[in-house]
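Next come the chains, spelled out residue by residue.
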Amino acid sequence: LAKTAADLVRQAREDVRDPVKAPLTLARLQDLGVFNDLSSSPADSTLNDRKVAAFLDAVKRSANDGSGVDTLAEVQGIASSFSKILDYAADATGAPAPVMSDYTKVGVTVAVNAPATEANVISVLGNAVKAAAPADVDTVAELNTLASIVDRLMQVANGVDPATLTPALTPS
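Right, let's walk through the structure included here. Everything numeric here is computed off the predicted structure, so don't read it as measured data.

1. Here we look at helix 3 (residues 45–61)
For helix 3, built from 17 residues, the straight-helix expectation of 24 Å at 1.5 Å per residue is met to within 8% by its first-to-last C-alpha distance of 24 Å. The set of residues buried in helix 3 consists of Leu47, Asn48, Lys51, Val52, Ala54, Phe55, Leu56, Asp57, Ala58 and Val59.

Have a look at this one:
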C-alpha cells in the first residue's frame, strides 16, 4: 500500500529523477482503497480502464509537489469525481450529474461570470458532458476545453460581444 501511495505522489511530481516504480494499475489502486466500487463485469472493463487513465491524468495535473494526492481522501475524491463524470457521459444507469466540486477535484477550471450562476454553468457543462462520449471527456484538458466553451457561450448569452472573446467561439 505504501508503495502505491508513494507512486501516486511520484506520478503527481513527474520528476524524472524519481520515477513511478511500477505501473499504477486498477488492482494496485483498489488495494489502496480507490475504485473499489467499480464493476468487475467484462462489459464495464473499457469504461473502468478509461476511469483509471482519467484518474492518473488528474493526478499528473495536480500540484507538482504531490500535495494534491498526499491523503487517501484526496485520492479517493479525485477517483470518485472522475468516475462520476465518466459514468454521466456514458449514460450509466442512475448516474447523477456531476456538481462543481466534482469538476474542481479533478482539476477542471470552471468560470462563473455574473450574471450567470454556478447552477446555470454546471447545468450547461453537464449537458455538454452528457452529450459527449466518455472518450471525449476523459482528460482534464478535454474537460477544461468544454468548460471554456461553456463560459464563452454563457458570456455571449449574457450580452458580451462574441468578437471580444478569446479564444473566439467557432462553429467547429
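Following the structure, the description resumes.
2. Here's the deal with helix 4 (residues 72–89)
Under the 1.5 Å per step criterion, the end-to-end length of helix 4 is 26 Å for 18 residues, consistent within 8% with the ideal 26 Å. Among all positions in helix 4, only Val75, Gly77, Ile78, Ala79, Ser81, Phe82, Ser83, Ile85, Leu86, Tyr88 and Ala89 are buried. Count one or two residues on from helix 4 and you reach Asp91, which has phi positive near 60°.

3. Some thoughts on the nonpolar core
Core analysis: the largest hydrophobic core is formed by 42 residues, its most contacted members being Leu8, Phe55, Tyr103, Val110, Val129 and Leu143. Looking at this core, the elements with two or more residues in it are helix 1 (2–13), helix 2 (26–32), helix 3, helix 4, helix 5 (100–105), helix 6 (118–131) and helix 7 (140–157). The dominant element in this core, judged by the number of residues it contributes, is helix 4, at eight residues.

4. Thoughts on the environment of Ala116
With respect to the element layout, Ala116 can be found in the loop between helix 5 and helix 6. Look at Ala116 and you get buried, because its relative accessible area is 10%. Each C-alpha atom of the pair Ala116 and Met154 lies 6.9 Å from the other, and the pair is 38 residues apart in sequence. Among all residues touching Ala116, those that are not within four sequence positions of it are Val121, Met154 and Asn158.

5. Considering the packing of helix 4 against helix 6
Two elements in contact, helix 4 and helix 6, have axes separated by 7 Å at closest approach and are oriented at 65°. In this structure, helix 4 uses Ile85, Tyr88 and Ala89 to contact helix 6, whose residues at the interface are Gly126, Val129 and Lys130. Of the residues that constitute the contact of helix 4 with helix 6, the class distribution is four nonpolar, one polar and one charged.

6. Description of the pattern of salt bridges
Within the structure shown, the criterion is met by five salt bridges. A salt bridge links Asp138 to Arg50, with the nearest nitrogen and oxygen atoms 2.7 Å apart. Of this pair, Asp138 sits in the loop between helix 6 and helix 7 while Arg50 is found in helix 3, placing the two residues 88 residues apart along the sequence. For Arg50, a relative accessible area of 24% gives the class partly exposed.

7. A short note on the packing of aromatic side chains
Under the defined criterion, the tally for this structure stands at one aromatic pair. Ring centres of Phe35 and Phe55 lie 5.5 Å apart, and the angle between their planes is 80°; on these two criteria the pair is classed as edge-to-face. One end of the pair, Phe35, is in the loop between helix 2 and helix 3; the other, Phe55, is in helix 3, and 20 residues separate them in sequence. The same class applies to Phe35 and to Phe55, which are both buried. Just above the ring of Tyr88 sits the side chain of Lys130; from NZ or CZ to the centre is 4.4 Å.

8. With respect to the environment of Asn127
Note on placement: Asn127 falls in helix 6. With a relative accessible area of 47%, Asn127 lands in the partly exposed category. Separated by 38 residues in sequence, Asn127 and Ala89 place their C-alpha atoms 9.2 Å apart.

Analysis parameters
Residues numbered from 1 in each chain as written. Predicted model: local features only at pLDDT ≥ 70, side-chain atom pairs only at ≥ 80, totals over all residues. Heavy atoms only, no water. Helix = DSSP H or I, 4+ residues; strand = E, 2+ residues; numbered from the N terminus. Expected span 1.5 Å × (residues − 1). Buried < 20%, exposed > 50% of the residue type's maximum accessible area, 1.4 Å probe, protein only. Core = buried A, V, L, I, M, F, W, Y, C linked by side-chain atoms within 4.5 Å. Contact = heavy atoms within 4.5 Å. Axes fitted to C-alpha atoms, helices over the stretch in contact; angles between N-to-C directions. Nonpolar A, V, L, I, M, F, W, Y, C, P; charged D, E, K, R; others polar. Salt bridge = Lys/Arg side-chain N within 4 Å of Asp/Glu carboxyl O. Phe/Tyr/Trp six-rings, centres within 6.5 Å; stacked < 30°, edge-to-face > 60°. Lys NZ or Arg CZ within 6 Å of the ring centre and 35° of its normal.

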